[in-house]
Amino acid sequence: MTAPVPTGRRERKKAATRQKIADTALRLFLERGYEAVGIRDVAAEADVAVTTVFSHFASKEALVFEQDEDFEQRLARAVTDRAPHEPLVPALRREIHALVRHCTADGAAPIWRMIDESAALRKYEESMRLRHAESLATAIAAEPGLSRTATACRAIARFAIDAFSVAREADDPEAAVDEIFRMIEAAWEATGPS
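These remarks concern the structure in this document. (Residues numbered from 1 in each chain as written. Predicted model: local features only at pLDDT ≥ 70, side-chain atom pairs only at ≥ 80, totals over all residues. Heavy atoms only, no water.)

### Quick word on the packing of helix H1 (residues 9–32) against helix H2 (residues 39–46)
Here is the rule: Helix axes are fitted only over the stretch in contact, all axes being lines through C-alpha atoms; the angle between N-to-C directions runs from 0 to 180 degrees. Labels follow the DSSP assignment, with helices taken as runs of H or I lasting at least four residues and strands as runs of E lasting at least two, numbered in each case from the N terminus. These descriptions rest on fixed angle ranges, namely under 35 degrees for roughly parallel, over 145 for roughly antiparallel, 65 to 115 for roughly perpendicular, and the rest for oblique. Working rule for handedness: look at the near helix, and if it is turned counterclockwise from the far one by less than a right angle, call the crossing left-handed; if clockwise, right-handed. We call two residues in contact whenever any of their non-hydrogen atoms come within 4.5 Å of each other. Here the term charged refers only to Asp, Glu, Lys and Arg, the term nonpolar to Ala, Val, Leu, Ile, Met, Phe, Trp, Tyr, Cys and Pro, and the term polar to all other amino acids, Gly among them.
Orientation of H1 relative to H2, taken along the N-to-C sense of each, is 120 degrees, at an axis distance of 9 Å. One finds that H1 runs oblique with respect to H2. Note on packing geometry: the crossing formed by H1 with H2 is right-handed. Within the contact between the two elements, H1 uses Lys20, Ile21, Thr24, Ala25, Arg27, Leu28, Phe29 and Arg32 and H2 uses Asp41, Val42, Glu45 and Ala46. Among the residues making up the contact of H1 with H2, the classes are represented as six nonpolar, one polar and five charged.

### Examining the packing of helix H7 (residues 109–117) against helix H8 (residues 119–142)
Where H7 meets H8, the axes come as close as 5 Å, and the angle between the chain directions of the two elements is 100 degrees. Here H7 lies roughly perpendicular to H8, going by the angle between them. Where H7 abuts H8, its residues Trp112, Met114, Ile115, Asp116 and Glu117 lie against Ala119, Leu121, Arg122 and Glu125. Taken together, the residues of the contact of H7 with H8 break down into five nonpolar, no polar and four charged.

Take a look at the structure:
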């Protein structure tokens, strides 16, 4: 699942500008170091105004996590767009596998090193993960037929988001996702109606 491709000329142009800014920022951050690059540097290198950068990204940290909204939507869609009668946990496992593959692909290691070395980026990532978990919990709680408490929905959502983080750092990310999701499946089943 990917974000819909903009169809109108204006939407395509906005999307291209946004991607150009994000790509430029990431290249500069990796070349010079995250702390050494300012928003003005990114704007100048991307040949856009500082206000244009901020019209696409709320903060400097958001430039690093430019797919944040897409990931959040993908997680919610894993719940809402799953096939009729498809169990929740396998649908979430499939999406977490896809996100882990994306975030462990060739070329991702320097980005994660940069994130790990920056207190601001680690803090942003943590707040992003909490927001994703809340969004996912809301999607789970809204699904008819799942009949779990709000606490169970929030816990499973947090477990799924944390599965991504733990697996991303594992020697074998795919196997880690499967191992973690066996635990999530057991927890989900334990919260079900008696």
